[in-house]
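# Geometric and topological summary
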Amino acid sequence: MKIKTEAGERHVLAITVDNEAGVLAKITGLFTARGYNIESLTVADITADHALSRITIVTSGPPPIIDQIIAQLDRLVPVHKVIDLNDAGEAHVEREIALVKVAGTGDKRIEALRMADVFRAKVVDTTLTSFIFEITGNSDKVDRFIALMRECGLVEVGRTGVVAIARGSEAL
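Calculation notes
Residues numbered from 1 in each chain as written. Predicted model: local features only at pLDDT ≥ 70, side-chain atom pairs only at ≥ 80, totals over all residues. Heavy atoms only, no water. Salt bridge = Lys/Arg side-chain N within 4 Å of Asp/Glu carboxyl O. Helix = DSSP H or I, 4+ residues; strand = E, 2+ residues; numbered from the N terminus. Buried < 20%, exposed > 50% of the residue type's maximum accessible area, 1.4 Å probe, protein only. UniProt positions renumbered as here; feature names shortened; annotations may be inferred. Phe/Tyr/Trp six-rings, centres within 6.5 Å; stacked < 30°, edge-to-face > 60°. Lys NZ or Arg CZ within 6 Å of the ring centre and 35° of its normal. Patch = residues over 30% accessible without salt bridge, like charges linked within 9 Å, V, L, I, M, F, W, Y side chains within 5 Å. Areas by Shrake-Rupley, 256 points an atom, 1.4 Å probe, with all protein chains shown as cover. Contact = heavy atoms within 4.5 Å.

For the coordinates displayed, the defined rule picks out six salt bridges. Among the salt bridges present, the one from E156 reaches K101, with a minimum N-O distance of 3.6 Å. Here E156, found in strand β8 (residues 154-159), pairs with K101, found in strand β5 (residues 92-103); they are 55 residues apart in sequence, far enough to count as distant. By relative accessible area, E156 is classed as partly exposed at 47%. By relative accessible area, which is 29% here, K101 ends up partly exposed. Its salt-bridge partner being R114, residue E111 comes within 2.5 Å of it at the nearest N-O pair.

In the numbering adopted here, UniProt assigns the feature "domain: ACT" (unreviewed entry) to residues 12-87. Note that residues 12-87 is 33% helix and 38% strand, and that its end C-alpha atoms are spaced 9 Å apart.

Attention now goes to the packing of aromatic side chains. Summed over the entire model, instances satisfying the criterion amount to three aromatic pairs. Ring geometry for F133 against F145: centres 5.9 Å apart, planes inclined by 90°, an arrangement best described as edge-to-face. With F133 in strand β7 (residues 130-137) and F145 in helix α4 (residues 139-150), this residue pair connects regions lying twelve residues apart in the sequence. What makes F133 buried here is its relative accessible area of 0%. Taken together, the ring pairs in this structure connect F119, F131, F133 and F145 into an aromatic cluster. Taking NZ or CZ as reference, R109 lies 4.1 Å from the ring centre of F131, over its face.

What follows covers a nonpolar patch on the surface. The grouping of L24, L41 and V43 at the surface amounts to a nonpolar patch, some 210 Å² of accessible area in total. Inspection of the secondary structure puts V43 in strand β2 (residues 40-45). Owing to a relative accessible area of 44%, V43 belongs among the partly exposed residues under this scheme.

With respect to the helices and strands, the residue I15 is situated in strand β1 (residues 9-18). With 39 residues separating them in the primary sequence, I15 and R54 have C-alpha atoms 5.6 Å apart. Those residues in contact with I15 that sit more than four places away from it in its chain are I27, S53, R54, I55, I57, L73, V79, K81, V82 and L172.

And the structure:
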């Protein structure tokens, strides 16, 4: 099966589901069965009694396809609510965290520290020949930082995926 990467808008879907075994497989299976790509996926328990989880999925596609995905997600039994945070009127905040390992000495090391300062990345580990930076921001900021670190000796990257929440006083 070929995963479809149709041109379209980027969408951040916030999905509230029952926190039980197999739910994530049902959600991702819906995307897989239809050949659509998940660009980012995060899951977290959101209630004190551990009854509900929130899944944040980033995907791209033309509006009719996104509408179809949302309608199909809404029909799944463990799904309580699906919100497309990119819909008009849904102002939201999104962030991603990355750990970025860079190895280098001399000028490369100094340049990596200088760029990290510009991007407000924190040094969370260091040796005489490497750094591990933590950077938080939107995906574009993280992507730009990683691209610049390639020139300074990028070794490895670990990313959390996008976490997003609607602005305002209302809950999902």
